[in-house]
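Spelled out from the first residue to the last, the chains are:
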There are 2 protein chains.
Amino acid sequence: MFYVIGLGLGDYKDVTVKGLEIIKQCDRVYLESYTSILSSPTSELEEFYGRKVTVADRELVEQGASEILEGAKEQNIAFLVVGDPFGATTHTDLILRAKQSGIKVKVIHNASIMNAVGCCGLQLYTFGETVSIPYWTESWKPDSFFEKLAINFKNNLHTLCLLDIKVKEPTLESLTKKKKEYMPPLFMSVREAAKQLLEILDKKMSNDTSGLSRKSLCIGLARVGCDDERIIACSLEEMADVDLGKPLHCLVIAAPKLHPLEDEYVQQFRI
Amino acid sequence: MFYVIGLGLGDYKDVTVKGLEIIKQCDRVYLESYTSILSSPTSELEEFYGRKVTVADRELVEQGASEILEGAKEQNIAFLVVGDPFGATTHTDLILRAKQSGIKVKVIHNASIMNAVGCCGLQLYTFGETVSIPYWTESWKPDSFFEKLAINFKNNLHTLCLLDIKVKEPTLESLTKKKKEYMPPLFMSVREAAKQLLEILDKKMSNDTSGLSRKSLCIGLARVGCDDERIIACSLEEMADVDLGKPLHCLVIAAPKLHPLEDEYVQQFRI
């Protein structure tokens, strides 16, 4: 059996009782390590599970799927995912491959930022399409996500912005070499995201009719589900000066009109 | 401390390790019982936790908040919610009241249908606004949710439809009496939801420009996260004849154009 198990958002104790029981009796355990992170180091997970944990980077998951799935018809293999298993496309792909190879698959759900973001007090029902904000480079500054954000805003919907993560990304120079070299890990902060959004806004100003502006209400969230979780509500402009500390961060652009209960709840996070 | 703890979607073992540890040392434990249900009966929870569990119906949660929060400054009170704590507005309200009374609040997240719906293979990022489909009566047939659904469809977004639940609803006749009488619990099935949607479609046919039709792809989900989970993909028309068995059900109206990976994943659920 191939088990895909969500670990939730905080530390090693955010796994479910069901998930833990399964992991403890698995023959091999992989931890997906490139779409999100837990606050617990792998050694802590290994000790808690009583199992060796193999860290699976993007290369292994996307190109070494057969290695991960090997023997899963007879043995029990666990593939651990921070958050919920269906958060990222590559996991769906892995599940599909397993099923196509005649391997039985069982998914153990857990909290994902897609639902836990409700902790900011905005109702989950009134979120529109989720967007991902990528890191810009000198020569590559994509802004196509902005249009989705503007549509949500115009329709009075909140937008969850997932912020870019770069873990074990090969350096441009080493791409053609035999021995790859990796960049240090990067996690986009709400401050960086706000700055990029402001730059896009400045450029679009005259064409954008959504009403989204530098003064629009944003909510910055850091380390949701951890003991040191932080939530800040302020204008987009102000968010560009906010420091929420360690990763992971995400940013919510609130709809222009809040429900009274949303408004009341968000007040506690105002700076 | 007032703990609001998500129990996830399946049975008593879907609580997180962290959540379970907290429940076991709480002085009072409440289980919210009117926005969702677990497959485990309360007695099973009590045995697993080693704690008495008080079932909290809508009346207690919405009017008896002070009873629930009593003593929470000195004692530890757990309020258990099926799914994630931020799934329903009334829980947000309870948390807000606690904070306003100077009571410390800690939330333990878990899976919610809002993210677990990803198990149908449609990407969570491309869901639009969530809608709730209410039970119709002879004289009350609200259809305002349809407009949101049509907007999502037009914007090539999926729609999660949450289906009505009626638990411990007083009968109309007993509303004015001293002793309330309650209707038997009702959980809307995907079949009932599809029938209501078809009725609305028939009525709007000439005015609706979204392209949504009787032939549009729907996905019916039942008991997500349980061992007997079932998922069916078919047209809206066909869904009106589908029987997915016991509650809870939810219905997804897929966007008109699927991503190739979504399409491939959904194939396995086709009837």
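Residues numbered from 1 in each chain as written. Chains lettered and ligands numbered in written order. Predicted model: local features only at pLDDT ≥ 70, side-chain atom pairs only at ≥ 80, totals over all residues. Heavy atoms only, no water.

*Asks:* Mind showing me how you'd approach the sheet that holds strand E1 (residues 2–6) of chain A here?
*Replies:* Each strand in a sheet pairs with its neighbour through backbone hydrogen bonds, running either in the same direction (parallel) or in the opposite one (antiparallel). Residues and elements named next belong to chain A. Taking strand neighbours across the sheet as the criterion, the 5 strands line up as E3-E2-E4-E1-E5 in an open arrangement whose pairing is parallel. Because the sheet does not close on itself, it has two edges, and the strands there are strand E3 (53–56) and strand E5 (105–108). Averaged over all adjacent pairs, the angle separating strand axes in this sheet is 20°, with direction ignored. Against the sheet, helix H1 (residues 17–24) contacts E1, strand E2 (28–32), strand E4 (77–81) and E5, and its axis sits at roughly 140° relative to E1. Seen against the sheet, helix H2 (residues 42–49) touches E2, E3 and E4 and runs at an angle of roughly 145° to E3. (Pairing = 2+ DSSP bridges. Helix = DSSP H or I, 4+ residues; strand = E, 2+ residues; numbered from the N terminus. Axes fitted to C-alpha atoms, helices over the stretch in contact; angles between N-to-C directions. Contact = heavy atoms within 4.5 Å.)

*Asks:* Looking at this structure, how should I read the interface of chain A and chain B?
*Replies:* How big an interface is tends to be stated in terms of accessible area lost as the parts join. Between chain A and chain B, the contact holds 50 residues from the first and 50 residues from the second. Across the chain A/chain B interface, buried area totals approximately 4,500 Å², and carbon plus sulfur atoms make up 57% of it. It is Lys18, Tyr125 and Tyr265 of chain A in chain A that bury the most area against chain B; as a group they hold 15% of the surface buried on that side. The interface formed by chain A and chain B contains 8 salt bridges. Residue Asp11 of chain A pairs with Lys18 of chain B through a salt bridge whose shortest N-O separation is 3.3 Å. Inspection of the region where chain A meets chain B yields 25 residue pairs in polar contact (both at pLDDT 80 or more). Of all elements in the fold, only H1, helix H5 (89–100), helix H6 (113–116) and helix H10 (260–267) of chain A reach the threshold of two or more residues within the side of chain A that touches chain B. Class assignment for the residues of the side of chain A that touches chain B results in 21 nonpolar, 17 polar and 12 charged. (Buried area = accessible area lost by both parts, 1.4 Å probe. Salt bridge = Lys/Arg side-chain N within 4 Å of Asp/Glu carboxyl O. Polar contact = N/O pair within 3.5 Å; in protein donor to acceptor, adjacent residues only side chain to side chain. Nonpolar A, V, L, I, M, F, W, Y, C, P; charged D, E, K, R; others polar.)

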